[in-house]
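Reading the structure
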Amino acid sequence: MRVARADSPVVAEKSWLIAVGAEPRGGVVQACVSGQPEGRTRMHESKLQGKSHNIPKRLVWEAWLRVQENGGAAGPDGVTIEQFAERLTDNLYKLWNRMSSGSYFPGPVRAVEIPKNGGGVRVLGIPNVIDRVAQTAISLSLEPGLEKIFHPDSYGYRPGRSPHDALAVCRERCWRFDWVIDLDVRAFFDSVPWDLMLRAVAQQTDQNWVMLYLERCLKAPMQKADGTLVQRTQGTPQGGPVSPLIANLFLHWAFDAWLSREYSQVRFERFADDAVIHCVSEDQARHVLAAVTARLAEVGLEVHPGKTRIVYCKDSNRPGTYEHISFTFLGYTFRPRAAWNKRRQVVFTSFLPAASRDKVTQFSRRMHDQRLHRQVNLTLDELADQINPQVRGWLGYFTVFYATEVTPVAERIDRHLVRWALRKYRRFKGRKNRARAWLRGIRERQPGLFAHWELHYTL
């Protein structure tokens with residue numbers, strides 16, 4: 001008979017559920033299991049029945065499992081996920097007890113500035129681990145009901161959906177519709193109004209504890225790097241587990257359902273606050289954009305005038321000349337590109353997505369900063385182990401469509417490897433072509449050694 005390890009997830013779950021008097025899967029909790037006297041157990045059960053809010057203990061456990069799986073940095077209190085897990089039963093019981101009694105108040109969120117490609121910074125808000133568990137419990141409570149109402153063309157942060165799904169649908173619709181509105185909402189996560197957000201959530205749940213703690217989480221202050229607390233009056237910080245879900249709900253109400261109702265003939269794809277709207281004519285696109293701008297203003301949002309544009313989907317069958325013939329969506333740039341017609345055996349122009357130049361340049365610089373050519377103390381296998389996880393993940397996202405666009409990244413890595421060989425081996429000193437031929441031979445013998453060697457290009 002297999003015996004579960006003391007530190008296994010199964011034992012940890014049973015310990016937690018027993019501690020709070022819940023029933024683990026497959027059996028009833030007995031008083032003797034916890035080692036508590038019968039009278040103390042009855043008193044404990046009586047206290048549980050007197051809670052202000054009926055929050056299932058298993059919901060808190062499932063929330064913890066999701067937070068643990070997602071990982072992430074510590075919040076303002078400095079407690080990591082590993083440190084939280086050291087006293088897991090006590091920490092989860094404290095959270096559940098406070099949430100059940102109505103006395104839970106989330107701590108501040110830690111402000112982390114992420115540089116944007118076009119300049120400026122995006123501020124993420126990292127909650128404490130215990131607050132991430134609370135927010136995840138809220139999400140788990142709301143998610144099943146919200147999934148039933150979300151629009152089929154909403155793709156962001158939903159189970160079973162990915163950015164590639166949105167990109168594939170967008171590509172197909174760009175072939176059918178001549179015009180696109182590339183919609184950009186200015187600072188959505190920083191400016192969404194709390195009252196309208198809470199009103200949208202209140203229409204989807206009858207659980208008072210969800211509304212109580214969601215409002216408290218929204219109003220939690222932001223703690224800057226110097227320890228200063230900044231009170232907030234709107235927005236939902238990116239970085240909190242509940243933010244993507246309630247952002248989806250708000251935009252479903254403010255954008256998806258409204259657009260489907262008012263302009264049923266147009267199609268769109270939305271991933272969080274990024275959206276693309278397809279129209280049959282330029283006049284229709286201008287009319288819809290004006291209406292969307294007015295609608296978003298009604299709900300406290302603003303269309304970014306410098307980043308929102310109307311784009312013509314130019315290709316061999318649509319040769320018109322217009323100011324904008326490209327747009328970027330989810331890191332992919334859609335524009336006229338050369339394509340091959342297998343049936344007719346000819347090259348033609350199609351409107352296709354490929355990794356954006358900014359994304360290619362950004363990752364290429366990231367590889368440059370690795371300084372591979374200077375790490376002559378490592379073997380080639382060790383260099384591969386060092387960069388493959390990063391390269392494989394990046395290529396996995398950006399080679400789904402028009403993979404040849406990312407070839408410059410592979411070529412740059414190879415140039416660094418050639419320089420590494422020139423430094424490491426005396427026989428290659430001053431003989432760059434010979435070092436390149438050596439690397440080419442290794443690629444032929446071990447094509448899976450480096451992740452980028454799986455691309456089709458000539459070394």
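For the structure itself, consult the block above.
These remarks concern the structure in this document. Here the residue index of a chain counts from 1 through its sequence in written order. Per-residue local features are limited, in this predicted model, to residues with pLDDT of at least 70; the limit for side-chain atom pairs, both in listing and counting, is 80 or more; totals at the level of whole chains, interfaces and linings are taken over all residues. Excluded from the side-chain calculations are hydrogens and water; all other atoms, namely the structure's heavy atoms, are used.

Considering the overall build of the chain
Counting from the N terminus, the helices are DSSP H or I runs at least four residues long and the strands are E runs at least two residues long. Tallying secondary structure elements over the chain gives 17 helices and 11 strands in all. For the chain, the residues scored as buried account for 46% of the 459 residues in total. Any two residues having at least one pair of non-hydrogen atoms within 4.5 Å are treated as being in contact. Looking at the chain alone, contacts between residues at least 24 apart form 68% of all its contacts between residues at least 6 apart. For each residue, the accessible area found with a 1.4 Å probe, counting protein chains only, is set against the maximum for its type, and the residue is called buried under 20%, exposed over 50%, and partly exposed in between.

Description of the sheet that holds strand S2 (residues 121–126)
Two strands are said to pair when DSSP picks up at least two bridges between them. The mixed open sheet is built from four strands, whose spatial order is S2-S1-S4-S5. Two strands bound the open sheet, and with one partner strand each, they are S2 and strand S5 (229–230). Inspection of the sheet shows strand S1 (residues 109–115) paired to strand S4 (residues 222–223) by two bridges, in the parallel sense. Paired with valine 109 across the strands is methionine 222, a residue of S4.

Things to note about the environment of leucine 380
As for its position among the elements, leucine 380 is in helix H15 (residues 380–398). Note on leucine 380: relative accessible area 9%, which makes it buried. Residues leucine 380 and tryptophan 420, spaced 40 residues apart in sequence, show a C-alpha to C-alpha distance of 9.2 Å. Here leucine 380 is in contact with Leu417, Trp420, Trp438, Leu439, Ile442, Leu449 and Phe450, once residues within four sequence places are set aside.

Remarks on the sheet that holds strand S10 (residues 332–341)
Taking strand neighbours across the sheet as the criterion, the three strands line up as S9-S10-S11 in an open arrangement whose pairing is antiparallel. The sheet terminates laterally at strand S9 (327–329) and strand S11 (346–355), the two strands that pair on one side only. Ignoring which end each strand starts from, the neighbouring axes of this sheet average 50° apart. In this sheet, S10 lies alongside S9 in antiparallel orientation, the contact comprising three bridges. By the bridge assignment, threonine 328 is partnered in S10 with threonine 333. All axes are obtained by fitting lines to C-alpha atoms, using only the stretch in contact for helices, and the reported angles, taken between N-to-C directions, cover 0 to 180 degrees.

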